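Architecture at a glance
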2 protein chains.
Amino acid sequence: MTCNTQMHHARKGAITDAMRFVAEREELDPELARKEVARGRLIIPANVNHLKGRLEPMGIGTVARVKINANIGNSAVTSNVEAELEKLHFAVHFGADTVMDLSTGGGIDEIREAIVAASPVPIGTVPIYQVVQSVKQTPDITPQMLLDNLEHQAGQGVDYWTIHCGILIEHLPLVMGRVTGIVSRGGSLMAEWMVAHREQNPLYTHFDEVCEIAAAYDVTLSLGDSLRPGSIADSTDRAQRAELKVLGELTERAWAHDVQVMIEGPGHIPMHEIERNVRLEQEWCHEAPFYTLGPLVTDVAPGYDHITSAIGAAMIGWYGASMLCYVTPKEHLGLPNKDDVREGVIAYKIAAHAADIARGRKGARDRDDALSRARFRFDWNEQFRLALDPDRARAYHDETLPAEYFKSAEFCSMCGPKFCSMHITRKIEEGIAELAAEQGTAREPAGLPGD
Amino acid sequence: MTCNTQMHHARKGAITDAMRFVAEREELDPELARKEVARGRLIIPANVNHLKGRLEPMGIGTVARVKINANIGNSAVTSNVEAELEKLHFAVHFGADTVMDLSTGGGIDEIREAIVAASPVPIGTVPIYQVVQSVKQTPDITPQMLLDNLEHQAGQGVDYWTIHCGILIEHLPLVMGRVTGIVSRGGSLMAEWMVAHREQNPLYTHFDEVCEIAAAYDVTLSLGDSLRPGSIADSTDRAQRAELKVLGELTERAWAHDVQVMIEGPGHIPMHEIERNVRLEQEWCHEAPFYTLGPLVTDVAPGYDHITSAIGAAMIGWYGASMLCYVTPKEHLGLPNKDDVREGVIAYKIAAHAADIARGRKGARDRDDALSRARFRFDWNEQFRLALDPDRARAYHDETLPAEYFKSAEFCSMCGPKFCSMHITRKIEEGIAELAAEQGTAREPAGLPGD
């Protein structure tokens, strides 16, 4: 098969349209984008078939803005095509940079086709979910079935696959004694297969064939972290680290095929271990983009795990992760609906944006500054317009002060007209300027560190 | 006046009932609690009059669990006594460790009395809000009015006051050029007074008299950060740092009166400046407990500022802040109602708990481990019971699988019965154990850093 990947073109010295598009979006020199793609530090998941459709190429890597992914998809218990297309719409509307269709229920092919056709952002899948549906029991899966399904999904235009190729048979004993065992669905299925057959992971043994299919369609590999910790107790344990080492080895093997790669990451990690997780990934996986699920920084808040994980996501983005997979309020409890998608996406837009600011990315703070200036001017409509979720901001404001008159009022219901600190500041601005003139410009408190 | 403070007793070598109560709650040696109170690193805000009522003493400081505060109180625009008592109930029910009554509307005395009478947690206020209500214009306030009101509120049993004594007339020119000016209500009122009178801050010039009243009733001083940044653009600027220096000076003056002190902190701070803010406070304010408002790590998400700020709060708690003042989803938009109180408190319980874990506090992870074990056992009811918000967790689960039968089912609607990774792990546990026996115990992946 021929190789059609962005990495292949980049290594040959060609700047593709997709690289040019990404460079413009990210305000990068196109040649830098090319070099980073060639180096494997920047990926552009863009299946050649999705590129013929609606896809607008998306760059994921250290030189790009921190990205977020939203998971959608049905389960055997609930949802259908229309509901999933509505979730896709919500996800993209509120700012998801990629979307994964994790359907495990009925009509998987139909849902996937509809989503790829409708989506302007890269679509990821976990192919094993569909393969499992075609057999009676997981051990009935053959390596050829796996490869055939990859070929099938590549043809449909899927931009990236999560492949659970790094969990090896020798890792399984490391799971014993864990508090929450294996919490990756794909990972647990591969484990089940290996236990039944007493054989090595077929996605590991057939990895070169996986790469050949990926190379033909330019499907990016998202190397799955089957052994990610599902609880704080299991964080950064031997099982997790053992698999991460293998993902680093597979990264080099994929790169030998000019196949683009990102590395999936945890999971449940306490704050003081987050930076270490990034450094291990960078060292062992050769700086391939890190794509993390949260991490959740505590296990005690089911119903609010978009928040427990947004804390970890913001931090890991600051430390160097390139894409943050959202977690919704329904995590651990049920399948998210479209409202949960909204909550999850906004929590992660916050995390990614905060990470861009902390990384010192050029221009990252512009929107904050513009919104804060509007806030200080009491230009409520402009403040809403610049908010990540304008409708929510407006609705909360209007709950107590709905009249249009209040859209330029110098207060809100939090403090009322007499106690608004910004209103008072504006009132005394001239007085402060006079005071400054009286005091002389050079009078400043001693002993402060320089700016 | 006599001195009745916990610090006074501690310095005399006495372990009070309050210290003993706090030591038991925090699993500390009572003598350590006494020493820390004497040193000023641990405070127990406990007005002698509230101690006669329902107060259960609360310790705030490095040796204690990270605490959270919930702000309630009405504004001129909305709310009344009943609504505020309901917010108090919500705040305490969901886990607020202290509550501030920030009422600025009508019936301030009535609301405060009702709240102190009903509250088992320390109550804080900002006395200037009531003083302003008694005059036509802010500049009409006299120093004596301020002192009289402090005496009045101390008599009512208020446990701590935010006093805006650190903003000096020479700081005001530093506000020019800020994006959001002064965003502390009390701070802006003191600034207005100073601009009108061309005189120094009366709370600074009369600080010893403030301390004498505080000493008589054991009101803890929360030294207000009038110049905290209200936007990322203003973060850690000269104005903020100039005031922080003065708060350090006033800390030592209060301690000379045996008066307990904590230091209020920002505000809006990007992630990469959070640790520096803690270190500056510790150095300049002699390790007095740091009591921070968030901080918010971006300005772009009005309607979700409980999340933007929970990120900063978790991090600042990890770095060393002792109490985290919550922010609700209504921040910047309107007065929070009881539902907002719930969202804010839970977001901050998450932040404080995550900080305790990251600090390595003994036993901090016990609840996480218990919940995760229940999760892996599919003991749904126990999982809900251990959640920070059991009702929410149950409601989300039951949205798709309400039947009691599913409370022991080995799946939820997220993955359905066939795709639950924990269910699969349990199914193959025996197989893994056999595999481990076959492989021999010593077989483990090479090259991993030690645990």
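Here, every reference points to the structure presented above.
Source: prediction; values computed, not measured. (Residues numbered from 1 in each chain as written. Chains lettered and ligands numbered in written order. Predicted model: local features only at pLDDT ≥ 70, side-chain atom pairs only at ≥ 80, totals over all residues. Heavy atoms only, no water.)

**A word on the overall build of chain A**
Along its length, chain A carries 20 helices and 10 strands. With the principal axes as the frame, chain A shows a C-alpha extent of 85 × 50 × 45 Å. A total of 451 residues make up chain A; the buried ones form 67% of that total. For chain A, the share of sequence-separated contacts (at least 6 apart) that also reach a separation of at least 24 residues comes to 73%. In the structure as shown, chain A presents an accessible area of about 14600 Å², 50% of it carried by carbon and sulfur atoms. (Helix = DSSP H or I, 4+ residues; strand = E, 2+ residues; numbered from the N terminus. Buried < 20%, exposed > 50% of the residue type's maximum accessible area, 1.4 Å probe, protein only. Contact = heavy atoms within 4.5 Å. Areas by Shrake-Rupley, 256 points an atom, 1.4 Å probe, with all protein chains shown as cover.)

**What to know about the interface of chain A and chain B**
Facing the 136 residues of chain A at the interface are 135 residues of chain B. Three residues, V300(A), Y304(A) and F419(A), lead the burial of chain A against chain B; their summed loss comes to 7% of the area buried on that side. Across the chain A-chain B interface, the total number found is 8 salt bridges. Between chain A and chain B we count 36 residue pairs in polar contact (both at pLDDT 80 or more) in total. Grouping the constituent residues of the side of chain A that touches chain B by class yields 73 nonpolar, 32 polar and 31 charged. (Buried area = accessible area lost by both parts, 1.4 Å probe. Salt bridge = Lys/Arg side-chain N within 4 Å of Asp/Glu carboxyl O. Polar contact = N/O pair within 3.5 Å; in protein donor to acceptor, adjacent residues only side chain to side chain. Nonpolar A, V, L, I, M, F, W, Y, C, P; charged D, E, K, R; others polar.)

**Observations concerning the packing of aromatic side chains**
Summed over all chains, the structure comprises 14 aromatic pairs over all chains. Ring geometry for Y160(B) and Y291(B): centres 6.3 Å apart, planes at 90 degrees, overall edge-to-face. With Y160(B) in strand β6 (residues 160-163) and Y291(B) in strand β9 (residues 290-293), this residue pair connects regions lying 131 residues apart in the sequence. Take Y291(B): its relative accessible area is 3%, and that puts it in the buried class. An aromatic cluster is present here, built from Y405(A), F406(A) and F411(A) joined pairwise through their rings. Above the plane of the ring of Y204(A) lies R253(A), whose end atom (NZ or CZ) is 5.6 Å from the centre. The ring of Y396(B) has K330(A) lying over it, and the distance from NZ or CZ to the ring centre is 5.2 Å. (Phe/Tyr/Trp six-rings, centres within 6.5 Å; stacked < 30°, edge-to-face > 60°. Lys NZ or Arg CZ within 6 Å of the ring centre and 35° of its normal.)

**A short note on the environment of P127(B)**
Residues and elements named next belong to chain B. Note on placement: P127 falls in the loop between β5 (123-125) and α7 (128-133). Once the C-alpha coordinates of P127 and L150 are considered, the two residues, 23 residues apart in sequence, prove to be 6.5 Å apart. Residues in contact with P127, not counting those within four places in the same chain, are N149, L150, Q153, W161 and T162.

**Points about the relation of the copies chain A and chain B**
Rotating chain A by 180 degrees about the axis while translating it 0.0 Å along that axis superimposes it on chain B, leaving an RMSD of 0.0 Å. What we have between these two chains is a two-fold relation. Considering only C-alpha atoms, the part of chain A nearest the rotation axis is I311(A), at 2.3 Å. Comparing interface residues between copies, 99% of those in chain A also lie at the interface in chain B; the contact surface is shared. (Least-squares fit on C-alpha atoms with pLDDT ≥ 70 in both.)

**Some details on the nonpolar core**
Membership of the largest hydrophobic core comes to 280 residues, with the highest contact counts inside it found for W161(A), L221(A), W161(B) and L221(B). Not counting the four nearest positions on each side in its chain, L221(A) is found in contact with W161(A), I163(A), F207(A), V210(A), C211(A), A214(A), A254(A), V259(A), Q260(A), V261(A) and M262(A). (Core = buried A, V, L, I, M, F, W, Y, C linked by side-chain atoms within 4.5 Å.)

**A few points about the sheet that holds strand β3 (residues 67-72) of chain A**
All names here are of chain A. What the 8 strands build is a closed barrel, ordered β3-β4-β5-β6-β7-β8-β9-β10; its pairing is parallel. Mean inter-strand twist for the sheet, computed between neighbouring axes without regard to direction, equals 25 degrees. In terms of strand pairing, strand β5 (residues 123-125) meets strand β6 (residues 160-163) through 2 bridges, oriented parallel. Among the inter-strand pairings, T125 is bridged to a residue of β6, identified as W161. Across the sheet, helix α5 (residues 81-94) is in contact with β3, β4 (98-101) and β5; its angle to β3 comes to roughly 165 degrees. (Pairing = 2+ DSSP bridges. Axes fitted to C-alpha atoms, helices over the stretch in contact; angles between N-to-C directions.)

**Regarding the side chain of R241(A)**
Residues and elements named next belong to chain A. When you line up the elements, R241 lands in helix α12 (residues 238-256). With a relative accessible area of 1%, R241 lands in the buried category. Polar side-chain contacts of R241 include one of 3.0 Å to the backbone oxygen of T236.

**Some words on α12(A)**
Each turn of an α-helix holds 3.6 residues, which means side chains three or four residues apart point in the same direction. Residue and element names in this part refer to chain A. For α12, with 19 residues, the first-to-last C-alpha span of 28 Å sits near the 27 Å given by 1.5 Å per residue. Burial runs high along α12: 14 of the 19 residues are buried. One or two residues past the end of α12 sits D258, with phi positive at roughly 60 degrees. (Expected span 1.5 Å × (residues − 1).)

**Focus on the packing of helix α8 (residues 143-156) of chain A against helix α11 (residues 207-217) of chain A**
Residues and elements named next belong to chain A. Interaxial distance between α8 and α11 falls to 10 Å at its minimum, and their mutual angle equals 10 degrees. With respect to α11, the axis of α8 lies roughly parallel. Together, L147, L150, E151, A154 and G155 of α8 and E209, V210, I213 and Y217 of α11 make up the contact between the two elements. When its residues are assigned to classes, the contact of α8 with α11 shows 6 nonpolar, 1 polar and 2 charged. (Parallel < 35°, antiparallel > 145°, perpendicular 65-115°, else oblique.)

**Points about helix α16 (residues 366-377) of chain B**
Residues and elements named next belong to chain B. Look at α16: 16 Å from first C-alpha to last across 12 residues, which is about the 16 Å you get at 1.5 Å a residue. Among all positions of α16, only D368, D369, L371, S372, A374, R375 and F376 are buried. One or two steps after α16, the chain reaches F378, where phi turns positive at roughly 60 degrees.

**A few points about the pattern of salt bridges**
Per the counting criterion, the structure on display carries 57 salt bridges over all chains. Residue D225(A) is joined to R228(A) by a salt bridge in which the shortest nitrogen-to-oxygen separation is 3.3 Å. Taken individually, D225(A) and R228(A) each receive the classification buried, so the pair is uniform in this respect. Between E287(B) and R39(B) there is a salt bridge, with its nearest N and O atoms 3.0 Å apart. A residue pair is termed long-range when its members are at least 10 positions apart, and E287(B) in the loop between α13 (274-284) and β9 and R39(B) in helix α3 (residues 30-39) qualify at 248 residues. Judged by relative accessible area, R39(B) falls into the partly exposed class, the value being 30%. Linked by salt bridges that have partners in common, E26(A), R65(A), K67(A) and R361(A) make up one network.

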